[in-house]
Amino acid sequence: MNTRQHIDLAQAYSAHNYLPLPVVLESGEGVWVRDVEGKEYLDMLSSYSALNQGHRHPRIIKALNDQVGRLCLTSRAFHHDQFGLFCQEITGATGFEQVLPMNTGAEAVETAIKAARKWGYEKKGVEPDRAEIIVCLGNFHGRTTTIISFSSDELYRAGFGPYTPGFKMIPYNNPDALEVAITGNTVAFLVEPVQGEAGINVPDAGYLAECRHICDDHNVLLMADEIQTGLARTGKLFCWEYDDARPDVLIVGKALGGGLFPVSAVLSSKAVMSAFVPGNHGSTFGGNPIACAVAREAVKVTLEEKLVENSYEQGRYLREELGKLASPHVKEIRGRGLLIGVELHGPARPFCERLGELGILAKETHGTVIRFAPPLVITREQVDWALERIAQVLKA
Ligand SMILES: *Cc1c(COP(=O)(O)O)cnc(C)c1O
């Protein structure tokens, strides 16, 4: 079947909740993917940072295959031999006491919200059903009914009410607004260290550190959603490290699954995790044997292949070189590590389509921003290859 035929099938038989570029992929390796016509592309989206380790990383594939050959699913009704090791290794790598594994990012965010509320009632002494969580304008934390209840994007919200109460919205990158919004009922501040979906919004240096202090002053949990920014994407293992602002609750997903499998997790202290007792939260697939085996290897690959360092280096280089293009279409270039946004003066979609023709897959976000977020295994030569083509498109 050719590209047109595949797209026609999707068009006819799937809900139209996405508007993909007209490319039908059939294989991938490292930073490269190939479509059904045999054309190759450099993947500069990386499934929204779920492919930090690249497509089909051989070590992670092997971990998955080995596990599939032994045991795939137990539910949490029984222990299995990957679970404890995963929990030990992920808490060790991140410096938190305990972990609760789920599958998708949205589920991990929901888990963090439940943990914060229960912590608020049991540890902070908030009156029943009065807990408030503060979030930011422009946030993206997923697509469940509760999460879209506190989105500021009408596209994500409209028509899906009634909405879950208990959330308060403040401007991003504004610590004073946080200080003002906190009341005796505030249990948590949920924030992205860089707002990815909002257009790669990078806050001022020191923003998270100030939020950390404010949360400490008021006994409020700082909850960092690092589903997109985590696991080396921004040139640190976690983006909070730029401000040395260790959160109370760390939410991870996407690249934790090594580009193969949905794995997410919430990491925190025993004091927060004690919100959960047998039966009050769970997931049939969360922490399953394949997920644990894959996530263990995904983290090892991230550390051992020095993806943090490479993301930092290549990201710095790519941003610098993009800046040198001096394109009249470009309004601003921003980012950290290999999470880069190029904001244009007009719609980004036509530029993404032209990049696609030249063999680069990139996706617009919020209309006017091109997001460049290649797999973190990308080499300097591959960055140069991409830059040549980006230059052709941005200078035209
Ligand atoms: C992708 C993303 C989510 C949601 O993850 P899903 O796996 O799509 O549910 C939540 N927060 C951030 C910051 C994300 O980038």
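Residues numbered from 1 in each chain as written. Predicted model: local features only at pLDDT ≥ 70, side-chain atom pairs only at ≥ 80, totals over all residues. Heavy atoms only, no water.

Colleague: What exactly am I supposed to notice about the overall build of the protein here?
Modeller: Along the backbone of the protein there are 14 helices and 15 strands. In terms of principal-axis extent, the alpha carbons of the protein reach across some 60 × 50 × 45 Å. In the protein, which comprises 396 residues, the proportion classed as buried is 55%. Charged side chains in the protein number 39 positive and 48 negative. The centres of these two groups are separated by 2 Å. (Helix = DSSP H or I, 4+ residues; strand = E, 2+ residues; numbered from the N terminus. Buried < 20%, exposed > 50% of the residue type's maximum accessible area, 1.4 Å probe, protein only. Lys, Arg positive; Asp, Glu negative; His and termini not counted. Charge placed at Lys NZ, Arg CZ, Asp CG, Glu CD.)

Colleague: What am I meant to see in the sheet that holds strand 1 (residues 25–29) here?
Modeller: Sheets are built from strands paired through backbone hydrogen bonds, the pairs being either parallel or antiparallel. The sheet built from four strands is open, its strands ordered 1-2-3-13 with mixed pairing. Edge positions in the sheet fall to strand 1 and strand 13 (360–361), since each has one partner strand and no second. Note that strand 2 (residues 32–35) and strand 3 (residues 40–43) share three bridges and pair antiparallel. Residue pairing for strand 3: Arg34 is matched across the bridge by Glu40. (Pairing = 2+ DSSP bridges.)

Colleague: How should helix 14 (residues 380–395) be read in this particular structure?
Modeller: Each α-helix winds once per 3.6 residues, and so residues spaced three or four apart point in a common direction. Here helix 14 is 16 residues long and its end C-alpha atoms lie 22 Å apart, about the 22 Å a rise of 1.5 Å per residue gives. For helix 14, the complete set of buried residues consists of Gln382, Val383, Ala386, Leu387, Arg389, Ile390, Ala391, Val393 and Leu394. (Expected span 1.5 Å × (residues − 1).)

Colleague: What exactly am I supposed to notice about the domain arrangement of the protein here?
Modeller: The parts lose accessible area when they come together, and the size of an interface is often stated as this lost area. When the domains of the protein are assigned, the result is domain 1 (3–57 + 306–395) and domain 2 (58–304). The partner domain 2 presents 37 residues to the 32 residues of domain 1 that form the contact. For the domain 1 and domain 2 pair, buried surface summed over both sides reaches about 2800 Å², with 55% attributable to carbon and sulfur atoms. On inspection of domain 1 and its partner domain 2, the count reaches one salt bridge. A salt bridge links Glu197 to Arg371, with the nearest nitrogen and oxygen atoms 2.9 Å apart. Where domain 1 touches domain 2, the interface holds 24 residue pairs in polar contact (both at pLDDT 80 or more). When contributions to the side of domain 1 that touches domain 2 are tallied by element, the ones reaching two or more residues are helix 2 (46–49), helix 12 (307–324), strand 11 (330–336), strand 12 (339–344) and strand 15 (369–372). Classifying every residue of the side of domain 1 that touches domain 2 gives 14 nonpolar, 13 polar and five charged. (Domains from an automatic or database assignment. Contact = heavy atoms within 4.5 Å. Buried area = accessible area lost by both parts, 1.4 Å probe. Salt bridge = Lys/Arg side-chain N within 4 Å of Asp/Glu carboxyl O. Polar contact = N/O pair within 3.5 Å; in protein donor to acceptor, adjacent residues only side chain to side chain. Nonpolar A, V, L, I, M, F, W, Y, C, P; charged D, E, K, R; others polar.)

Colleague: Looking at this structure, how should I read a negative patch on the surface?
Modeller: On the surface, a cluster of negative charge is made up of Asp176, Glu179, Glu210 and Asp217. Mapped onto the negative patch, the elements with two or more residues apiece are helix 8 (175–181) and helix 9 (207–217). According to the relative accessible area criterion, Asp176 is exposed, its value standing at 58%. (Patch = residues over 30% accessible without salt bridge, like charges linked within 9 Å, V, L, I, M, F, W, Y side chains within 5 Å. Areas by Shrake-Rupley, 256 points an atom, 1.4 Å probe, with all protein chains shown as cover.)

Colleague: What am I meant to see in the site of the ligand here?
Modeller: Around the ligand, the neighbouring residues are Thr104, Gly105, Ala106, Phe140, His141, Gly142, Glu192, Asp225, Ile227, Gln228 and Lys254. With respect to the ligand, the side chain of Lys254 contributes an N or O atom lying 2.6 Å from an oxygen atom. Computed on the free molecule, the ligand has an accessible area of 390 Å², of which 81% lies beneath the protein chains in the complex. In the shell around the ligand, the residues fall into three nonpolar, five polar and three charged. (Near = heavy atom within 4 Å.)

Colleague: It is not clear to me how a nonpolar patch on the surface should be interpreted in this structure. Could you clarify?
Modeller: Side chains of Met1, Leu9 and Tyr13 sit close together on the surface and give an oily, nonpolar patch of about 410 Å² of accessible area. With respect to the helices and strands, the residue Leu9 is situated in helix 1 (residues 3–13).

Colleague: I keep staring at the pairing of strand 5 (residues 132–136) and nothing clicks. Help me out?
Modeller: On a regular strand, one side chain projects to one face of the sheet and the next to the other, so that they alternate. Of all the five residues making up strand 5, five are buried; the element is thus mostly covered by neighbouring parts of the structure. In strand 5, alternate side chains face the same way, and those of Glu132, Ile134 and Cys136 on one face and Ile133 and Val135 on the other are all buried. Sheet analysis places strand 5 next to strand 7 (residues 186–191), joined by three bridges and oriented parallel. Directly across from Glu132, in strand 7, lies its bridge partner Thr186.

Colleague: What's the story with the pairing of strand 7 in this structure? I'm lost.
Modeller: For strand 7, the tally of buried residues reaches six of six residues, placing the bulk of the element in the interior. Where strand 7 lies against strand 8 (residues 221–225), four bridges are found, and the strand directions are parallel. Paired with Val191 across the two strands is Ala224, which belongs to strand 8. Read as a crossover between parallel neighbours, the route from strand 7 over helix 9 to strand 8 is right-handed. (Right-handed = clockwise from strand over helix to strand, strands pointing away.)

Colleague: Is there a simple way to think about the nonpolar core in this case?
Modeller: The tendency in soluble globular proteins is for nonpolar side chains to be buried as a group. Grouped together as the largest cluster of nonpolar side chains are 72 residues, with contacts concentrated most on Leu178, Phe189, Leu256, Leu322, Ile370, Phe372 and Ile390. Of the domains in this structure, domain 1 (3–57 + 306–395) and domain 2 (58–304) are the two that each give at least three residues to this core. Setting aside its immediate chain neighbours within four residues, Ile390 contacts Met44, Leu322, Leu325, Leu355, Ile360 and Phe372. (Core = buried A, V, L, I, M, F, W, Y, C linked by side-chain atoms within 4.5 Å.)

Colleague: What exactly am I supposed to notice about the environment of Met102 here?
Modeller: Residue placement: Met102 occurs in strand 4 (residues 98–102). The residues contacting Met102, other than those within four sequence positions of it, are Glu107, Ala108, Thr111, Val263, Ser264, Ala265, His281, Gly282, Ser283, Gly286 and Gly287.

Colleague: Even after reading the chapter, I still don't get unusual backbone geometry, so can you show me in this structure?
Modeller: The phi torsion of most residues other than glycine is negative, and most of the peptide bonds are trans. Along the chain, Gly161 connects to Pro162 via a cis peptide bond; the corresponding omega equals 5°. When you line up the elements, Pro162 lands in the loop between helix 7 (154–157) and strand 6 (167–170). One non-glycine residue, Arg56, adopts positive backbone phi at about 50°. With respect to the helices, strands and loops of the structure, Arg56 is situated in the loop between helix 2 and helix 3 (58–68).

Colleague: Any chance you could explain the pattern of salt bridges here in plain terms?
Modeller: Oppositely charged side chains can form a pair if their charged atoms are brought close together. Across all of its chains, the model carries 23 salt bridges by this definition. Notably, a salt bridge pairs Glu343 with Arg334, separated by 2.7 Å at the nearest N-O pair. Neither Glu343 nor Arg334 differs from the other in exposure class; each is buried. For Glu364, the salt bridge is made with Arg349, and the minimal N-O distance between the two is 3.3 Å.

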